[in-house]
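# Chains, contacts and geometry: an overview
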Amino acid sequence: MKLHKTVFKNYALVALLLGAGQQGFAQVDPERPVTIDSFDVVRDYKPILADAVKIRRSPDMTNKRAYMPKLSYGNIPDKKLDINTGLKELTVQELPFTRTQDITSNYVKLGIGNLGTILGEAYIANEEYENLRFGAFVKHLNQKGSLEQQKFSRQEIGVFGRRVLDGFTVDGLVGYNRYATRFYGIGTDVNNLPLNPAKEAQAFNDIYLTGELTSNFDPNNEEAVSYSAKIDAYTYKDKFESNENSIALSGYLNKRVRTFNVGANVALDYNSIGGVGSNLDKFKNSVATINPYISFKGANYTLTLGGNIVSEFGDESRFNIFPAAEVDFSLVPGYINLFGGLNGNVKKASYKQLTQINPYLGPGQTFQNQVERLNIFGGIKGNAGATFGYKAKVMYKSIEGLPLFLNSAEAPFRFDLVYDGDSDNQTKYFGIEGEINVRLSQLVNLGGRLNIDGYTLATQEEAWFTPKMRLAANARFNISEKLYIDAEGLFHGSSWAATYDYDVSMNPARLENTYRKVSIPEFFDLSAGAEYKAMNNLGIFIKANNIFNREYQRYLYYPRLGFNVIGGVNFSF
């Protein structure tokens, strides 16, 4: 009988400890973020008697010393466990508040490299408040290539802020950007003499302002009206006579009624461009848009119907009405979605946007808006768990006023704007776009994007400087907690340019009035970098660009920089 009692007691004690271990595991919720008011169990809980005692009384982890309830682990007895080994309950000493890891986004980054590269960055923000954030940033980068006057420099500076109130959020940004280069084009005449001996300097100065007021989502009232109001303004000027001033006001209003959403997007963009045409006149080009819609959301689909009304006014005026419809159907919820739609729109001509694509645009250009009379698209997208995402899209467009770059006939080291398609004979576009993101493990992340573009042109012989295929890929390898490696690859298919034959000893220098087509070869640009976290707030980085050292041309007569390396340190605080 004594033996049976002893065995029964032992079994009961083992069952009690196993229950304590199981309840201990139940306290770990991987979906719940760790805060200063919670504990994150980062190892298996082992029901050792001394540990069970220590869990009863935890250190206070707040500055204000507010009341914190004790953790409850179910059927663990809430009393001191008496054992015969002499161990006593631990008395935890009160410690000053500390953080195990002080996460901050403030940093300073400095680097140097070949080709005269100098890099400097700084970012400072105040993030101590839950509902207020403000800060500033500054950046500088300059490089010099092996060709005569092949120089580049970029500077950025800005201040920003965000304020979260009970009903809405306000944020804004004021900044200044400067980009400087030279017309270093290497074109030569029939006698191999340079067509561009001066190699003039060019610089773009951009002062901009953005501000937005957006309503906050109310979880207690899903049918509340949501709204937003935004302002975007900038003044943009080059080193010569060309400039652009723009102020845009936009907003939206949406009301949910059960399964319906009714609303509208509105925008007014008041714009003017200076230095236009041979007389360097001012071109007023403004656009007003209203997009009313109604959206219905079902169990596995969303259907949106509406219209897009666009008015162009200024020196030229035009009124446009486009249909707008889109559907998203969940074929396999959470994994496969089919989508499609049709719409139309007007894309405002912008000197700023065009020179950010090609900074070697010559003065005295003429501008016109691009009108997409019809845009039909459809595709498939989805996920396979949290490690694989994809999207494939097919597009067809009918376009008026497609802008293209073409080497200037009188100064081939500069570029002119030419346009294809009008109301009677429009440009036809067919494109395929694909995107994929793969997370092989916690150590390897891969991504890629493919674009295939095909044009049936109305007046131009080719879609100048537009490759038929573009492929971009990136990879990130987390070798350890301190070492990261990144890689990026960019492939551009071949494209076409047009040029003339010249003889600088003659006047005029251009020998023929008919251009000849020149093929711009395809290129592949591979870059890779690594960062080593030497200490918690100090890192060392290195970045290699154009690893294959191909001085390829994106635009005719303008080879890009060859192989270049930059390395340095970054310090966070």
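Quantities reported herein were computed from a predicted structural model and do not represent experimental measurements.

Conventions we followed
Residues numbered from 1 in each chain as written. Predicted model: local features only at pLDDT ≥ 70, side-chain atom pairs only at ≥ 80, totals over all residues. Heavy atoms only, no water. Helix = DSSP H or I, 4+ residues; strand = E, 2+ residues; numbered from the N terminus. Areas by Shrake-Rupley, 256 points an atom, 1.4 Å probe, with all protein chains shown as cover. Core = buried A, V, L, I, M, F, W, Y, C linked by side-chain atoms within 4.5 Å. Buried < 20%, exposed > 50% of the residue type's maximum accessible area, 1.4 Å probe, protein only. Contact = heavy atoms within 4.5 Å. Salt bridge = Lys/Arg side-chain N within 4 Å of Asp/Glu carboxyl O. Pairing = 2+ DSSP bridges. Polar contact = N/O pair within 3.5 Å; in protein donor to acceptor, adjacent residues only side chain to side chain. Phe/Tyr/Trp six-rings, centres within 6.5 Å; stacked < 30°, edge-to-face > 60°. Lys NZ or Arg CZ within 6 Å of the ring centre and 35° of its normal. pLDDT = per-residue confidence, 0-100.

### Brief notes about the overall build of the protein
Tallying secondary structure elements over the protein gives three helices and 28 strands in all. Of the roughly 34,200 Å² of accessible surface on the protein, a fraction of 58% belongs to carbon and sulfur atoms.

### Quick word on the nonpolar core
Counting 48 residues, the largest nonpolar core has F367, F405, F465 and Y558 as its most contacted members. Residues within four places of F465 in sequence aside, it is in contact with F405, L406, N407, F415, S495, W496, A497, I520, R554, Y555 and L556. In this structure, V287, V310, V346 and V371 belong to the second largest nonpolar core, which totals five residues.

### Overview of the pattern of salt bridges
Under the criterion given, the structure shown has 21 salt bridges. In this structure, K348 engages D269 in a salt bridge whose closest nitrogen and oxygen atoms are separated by 2.9 Å. Placement of K348 in the loop between strand 13 (336-347) and helix 3 (351-357) and of D269 in strand 9 (residues 260-276) is noted, with a sequence separation of 79 residues between them. Here K348 and D269 have matching classes, each one buried. Linked by salt bridges that have partners in common, E312, R318, R373 and E400 make up one network.

### Quick look at the pairing of strand 16 (residues 402-407)
Burial runs high along strand 16: five of the six residues are buried. When strand 16 meets strand 17 (residues 415-420), the two strands line up antiparallel, connected through six bridges. Directly across from L402, in strand 17, lies its bridge partner D420.

### Considering the side chain of S228
Position of S228 relative to the elements: it lies in strand 7 (residues 226-237). Using a relative accessible area of 8% as the deciding quantity, one classes S228 as buried. Of note is the side chain of S228, whose polar atom sits 3.0 Å from the side chain of E212. If near-sequence neighbours (up to four positions away) are discounted, S228 is found in contact with E212, L213, T214, S250, G251 and Y252.

### Points about the pairing of strand 13
Looking at chain direction, strand 12 (residues 318-332) and strand 13 are connected through seven bridges and run antiparallel. Along strand 13, the bridge assignment pairs D328 with F339. Remark: three residues form the turn of the hairpin made by strand 12 and strand 13, two consecutive strands paired antiparallel; G334 in that turn has positive phi of roughly 85°. Note that strand 13 and strand 14 (residues 370-383) share ten bridges and pair antiparallel.

### Some details on the packing of aromatic side chains
Summed over the entire model, instances satisfying the criterion amount to 25 aromatic pairs. Taking the centre distance of 6.4 Å and the plane angle of 85° together, the rings of Y500 and Y515 count as edge-to-face. A residue pair is termed long-range when its members are at least 10 positions apart, and Y500 in the loop between strand 22 (495-499) and strand 23 (516-520) and Y515 in the loop between strand 22 and strand 23 qualify at 15 residues. With relative accessibility at 28%, the residue Y515 sits in the partly exposed group. Measuring from ring centre to ring centre gives 6.0 Å for F524 and F548, while their planes differ by 40°; the resulting arrangement is tilted. You can see F524 sitting in strand 24 (residues 523-535) and its partner F548 sitting in the loop between strand 25 (538-545) and strand 26 (553-555), a full 24 residues away along the chain. By relative accessible area, F548 is classed as partly exposed at 48%. An aromatic cluster is built from F152, F183, Y184, F240, Y360, F405, F415, F465, Y555 and Y558, whose rings are joined through pairwise contacts. Over the ring of Y234 we find K352; its NZ or CZ atom is 4.2 Å from the centre of that ring.

### Remarks on the environment of I479
With respect to the element layout, I479 can be found in the loop between strand 20 (469-478) and strand 21 (483-492). Residues I479 and Y532 lie 53 residues apart in sequence; the distance between their C-alpha atoms is 10.0 Å.

### Topic: the confidence of the model for the protein
Confidence in the prediction for the protein averages 85 pLDDT; 82% of positions are at 70 or higher. Low confidence marks residues 1-101, where pLDDT is under 50. Its contacts with residues over four positions away, or in another chain, come to 63 contacts.

### Section: the environment of N536
Counting through the fold element by element, N536 comes out in the loop between strand 24 and strand 25. Residues N536 and K482, 54 residues apart in the sequence, show an inter-C-alpha distance of 9.2 Å.

### A closer look at unusual backbone geometry
Following N507, the chain continues to P508 via a peptide bond in cis, the omega torsion being 5°. By secondary structure assignment, the location of P508 is in the loop between strand 22 and strand 23. With phi around 60°, Q149 is a residue other than glycine that occupies positive phi space. With respect to the helices, strands and loops of the structure, Q149 is situated in the loop between strand 3 (132-144) and strand 4 (151-164). The class for Q149 is partly exposed, based on a relative accessible area of 25%. The phi dihedral of F465 falls on the positive side, at around 60°, and the residue is not glycine.

### Some details on the environment of A224
Its location among the elements puts A224 in the loop between strand 6 (201-215) and strand 7. Separated by 33 residues in sequence, A224 and V257 place their C-alpha atoms 8.9 Å apart.

### Section: the side chain of Q202
The topology assignment puts Q202 in strand 6. Residue classification places Q202 among the buried positions, given a relative accessible area of 2%. Of the polar contacts made by the side chain of Q202, one reaches the backbone nitrogen of K239; its length is 3.1 Å. Setting aside anything within four residues of it in sequence, one finds Q202 in contact with Y179, A180, T181, R182, F183, D238, K239, F240 and P359.

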